[in-house]
Amino acid sequence: MNKAPSNLWLSFFRWYCHPDYAEDIEGDLFERFERQIELGNVSSAQWGFARDVVRLFRPGLIRPLTQNRQQIRIDMFKNYYKVAWRHILKEKFYSATNIAGLGVGMACCMFIWLYVQYELSYDRYNENLDSTYRVLQSFKSLEEGEGSDPAAEDYQVWGCAPLGPAMAEEFPEVDLVTQFTSPSDWLVRYEDNVFSESEILFADSNILKVFSWQMLSGNRETALDRPYTIVLTESFAKKYFGTEAALGKSLTMDQNLDFEVTGIIADVPVNSHFSFEALVSMGTFKQFRPGIFESWGY
């Protein structure tokens, strides 16, 4: 008769018992088994050992399943790593070709993803994006336009000045209208700083309400209300004034016109469909060429 506990029940106990308790409990099981052996009850000792192993199979003593699975995963990954490394060493050229191809493919996918993300981000900085529309115009004679809509290529991104006020008056769905010009060339001077600038727009005061550019200083509501006022981007202000506070100072433009700086805004994001470095009040443009604002044909 076997005077050692059954390997089957002992293995079962070691499999399910929590590692923190296994050593102490196993010692107690062996002591109980040996006492039965000393009494000469070998068969009873074997059945008693099996009975004790089964009784100990309860939640408080069972090994955590997650820990077991985690160990299995670790061992599995170790095995995969060893197999892969041996294969690489055995087939060096083939492995290098595949790894290089995988790297190039992943890099291309990443660059494409970044490019698409950048393209889709255009104008997303504007809080009013979903409710902001650009009006396009097409000019045709009555004879040319009768009975047909203009083709897409016939539309232009600029339009006549009276259109903005007319839309605001005739269409109740329109909450706000803003108008601005194409960039103009200016010779700009402040003390010893003189530069030729080509990214300056004429714009009305509503432009700062329609577009949510960050206002760093000045009043968004009134910055472009008066003639001969100008709003600068942050980089443009630093170019002329350095660390000085630009608000309230004047820039001399085209040698004899002084413009008061009434606002500083953060630089326009690069992912914008149009950009500029400064905004001159539309009231200034009206003083230069007042007839344009009454002309439907210009």
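Residues numbered from 1 in each chain as written. Predicted model: local features only at pLDDT ≥ 70, side-chain atom pairs only at ≥ 80, totals over all residues. Heavy atoms only, no water.

Comments concerning a nonpolar patch on the surface
Then comes step 1: Nonpolar side chains collect at one region of the surface, where L136, F139, Y155, V157 and W158 lie side by side and expose about 500 Å² of accessible area between them.
Then comes step 2: Take Y155: it is sitting in the loop between α6 (142-145) and α7 (163-170).
Then comes step 3: We classify Y155 as partly exposed; its relative accessible area is 37%. (Patch = residues over 30% accessible without salt bridge, like charges linked within 9 Å, V, L, I, M, F, W, Y side chains within 5 Å. Areas by Shrake-Rupley, 256 points an atom, 1.4 Å probe, with all protein chains shown as cover. Salt bridge = Lys/Arg side-chain N within 4 Å of Asp/Glu carboxyl O. Helix = DSSP H or I, 4+ residues; strand = E, 2+ residues; numbered from the N terminus. Buried < 20%, exposed > 50% of the residue type's maximum accessible area, 1.4 Å probe, protein only.)

Remarks on the packing of helix α1 (residues 7-16) against helix α2 (residues 19-38)
Then comes step 1: For the pair α1 and α2, interaxial distance at closest approach is 10 Å and the crossing angle is 155°. In terms of orientation, α1 lies roughly antiparallel with respect to α2. When you trace α1 past α2, the crossing you get is right-handed. Between α1 and α2, the residues in contact are L10, F13 and R14 and A22, I25, E26, L29 and F30, respectively.
Then comes step 2: The residue inventory of the contact of α1 with α2, partitioned by class, reads six nonpolar, no polar and two charged. (Axes fitted to C-alpha atoms, helices over the stretch in contact; angles between N-to-C directions. Parallel < 35°, antiparallel > 145°, perpendicular 65-115°, else oblique. Left-handed = near helix turned anticlockwise from the far one by under 90°. Contact = heavy atoms within 4.5 Å. Nonpolar A, V, L, I, M, F, W, Y, C, P; charged D, E, K, R; others polar.)

As for the nonpolar core
Then comes step 1: Core analysis: the biggest nonpolar cluster contains 24 residues, and I200, I230, L232, F241, L251, M253 and V261 have the highest contact counts within it.
Then comes step 2: Mapped onto this core, the elements with two or more residues apiece are β1 (184-190), β2 (193-203), β4 (229-233), α9 (234-241), β5 (250-253), β6 (257-265), β7 (278-281) and α10 (282-288).
Then comes step 3: Counting residues per element, this core draws most heavily on α9, which supplies four residues.
Then comes step 4: Discounting residues that sit within four places of it in the chain, V261 has contacts with I230, L232, F241, A246, L247, G248, K249 and L251.
Then comes step 5: Counting residues in hydrophobic clusters, the runner-up holds 16 residues, among them A203, A223, V268 and F276. (Core = buried A, V, L, I, M, F, W, Y, C linked by side-chain atoms within 4.5 Å.)

Some points on the packing of α1 against helix α3 (residues 42-55)
Then comes step 1: α3 packs onto α1 with a crossing angle of 20° between their chain directions and a minimal axis gap of 10 Å. By the criterion of interaxial angle, the relationship of α1 to α3 is roughly parallel. Of the two possible hands of crossing, α1 and α3 adopt the one that is left-handed. Contacts from W9, L10, F12, F13 and Y16 of α1 reach α3 at F49, A50, V53 and V54.
Then comes step 2: Grouping the amino acids of the contact of α1 with α3 by side-chain chemistry returns nine nonpolar, no polar and no charged.

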